Amino acid sequence: MKIEIHTVVNGRELQPAVKPNQTLLEFLRDELHLKGSMEGCGVGVCGSCTVLVDGRPVSSCLVLATNIEGKQVATIESLAVGDELDPVQQAFLEHQAFQCGYCTPGMIMATKGLLSSNPQPTEDEIRDYLSGNICRCGTYIRIRDA
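Parameters and conventions
- Residues numbered from 1 in each chain as written.
- Predicted model: local features only at pLDDT ≥ 70, side-chain atom pairs only at ≥ 80, totals over all residues.
- Heavy atoms only, no water.
- Pairing = 2+ DSSP bridges.
- Helix = DSSP H or I, 4+ residues; strand = E, 2+ residues; numbered from the N terminus.
- Core = buried A, V, L, I, M, F, W, Y, C linked by side-chain atoms within 4.5 Å.
- Buried < 20%, exposed > 50% of the residue type's maximum accessible area, 1.4 Å probe, protein only.
- Contact = heavy atoms within 4.5 Å.
- Arc of directions from axis to C-beta.
- Polar contact = N/O pair within 3.5 Å; in protein donor to acceptor, adjacent residues only side chain to side chain.
- Axes fitted to C-alpha atoms, helices over the stretch in contact; angles between N-to-C directions.
- Parallel < 35°, antiparallel > 145°, perpendicular 65-115°, else oblique.
- Left-handed = near helix turned anticlockwise from the far one by under 90°.
- Nonpolar A, V, L, I, M, F, W, Y, C, P; charged D, E, K, R; others polar.

**Comments concerning the pairing of strand β6 (residues 56-59)**
- Inspection of the sheet shows strand β5 (residues 50-53) paired to β6 by four bridges, in the antiparallel sense. Each residue of the ladder has a partner; that of T50, found in β6, is S59.
- Where β5 folds back onto β6 in an antiparallel hairpin, the turn is made up of two residues, including D54, whose phi is positive at roughly 50°.

Shown next, in the form of structure tokens:
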């Protein structure tokens, strides 16, 4: 059995039928083929699957797809316009704020969430806000600088 929902993903209105137990991450990756959000831990502690739901960062591995009914979802794929990177993406590139890149989409989306609510965060606010995102390569200083 599937449940029809109404949502907007990356600016596109959708009315998909989703499984009641399907996570938002599974929906994005398997149904919409948006592969930028990564599954790391599967239990909401690593941040690799972070997307914005109504402008707020969420771990898409913990949210059921049915819970995005009537909401707007933004993934890493929504940021660049053509060849022009989003300013946060550009900052990550300029500061080499990645190594393997696995955490990068989640870090960027969490950063977008932070900057939308606090455009001039302090170093402590950055650390606190991004504490739910893990970088196994340890590029935290460059991420903070970006």
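From this point, the narrative continues.
**What about the nonpolar core?**
- Core analysis: the biggest nonpolar cluster contains 16 residues, and F92, M107, I108 and I143 have the highest contact counts within it.
- Elements with a minimum of two residues in this core: α2 (87-94) and α3 (104-117).
- Examining the composition of this core, we find that five residues originate from one element, α3, more than from any other.
- Contacts of F92, omitting those with residues within four sequence positions, involve A97, F98, T104, M107, I108, T111, I143 and A146.
- Core analysis: the second largest hydrophobic core is formed by 14 residues, V9, L14, L24 and F27 among them.

**Focus: unusual backbone geometry**
- At D54, a position not held by glycine, the phi torsion is positive, near 50°.
- Relative to the elements of secondary structure, D54 occurs in the loop between β5 and β6.

**What to know about α2**
- Among all positions of α2, only V88, Q89, A91 and F92 are buried. An end-on view of α2 places all buried positions within 160° of arc, on one side of the element. For α2, the exposed residues lying more than 90 degrees away from the buried face are P87 and E94.
- Against the buried residues of α2 lie α3 and α5 (140-145).
- For α2, the N-terminal capping position is held by D86, with its side-chain oxygen 2.9 Å away from the main-chain nitrogen of V88.

**Considering the packing of α2 against α3**
- Between α2 and α3, the shortest axis-to-axis distance is 10 Å and the interhelical angle comes to 125°. The angle between α2 and α3 places the two elements in the oblique class. Seen along the crossing, α2 lies across α3 with a hand that is right-handed. Taking contact as the criterion, the partners of V88, Q89 and F92 in α2 are, on α3, T104, M107, I108, T111, K112 and L115.
- For the contact of α2 with α3, a count of residues per class yields five nonpolar, three polar and one charged.

**Let's talk about the side chain of N133**
- Position of N133 among the secondary structure elements: in the loop between α4 (123-129) and α5.
- There is a polar contact of 3.1 Å between the side chain of N133 and the backbone oxygen of G47.
- In this structure the side chain of N133 is engaged in a polar contact, spanning 3.3 Å, whose partner is the backbone oxygen of G106.
- If sequence neighbours within four positions are ignored, N133 has contacts with C46, G47, T50, G106, M107, A110 and Y140.

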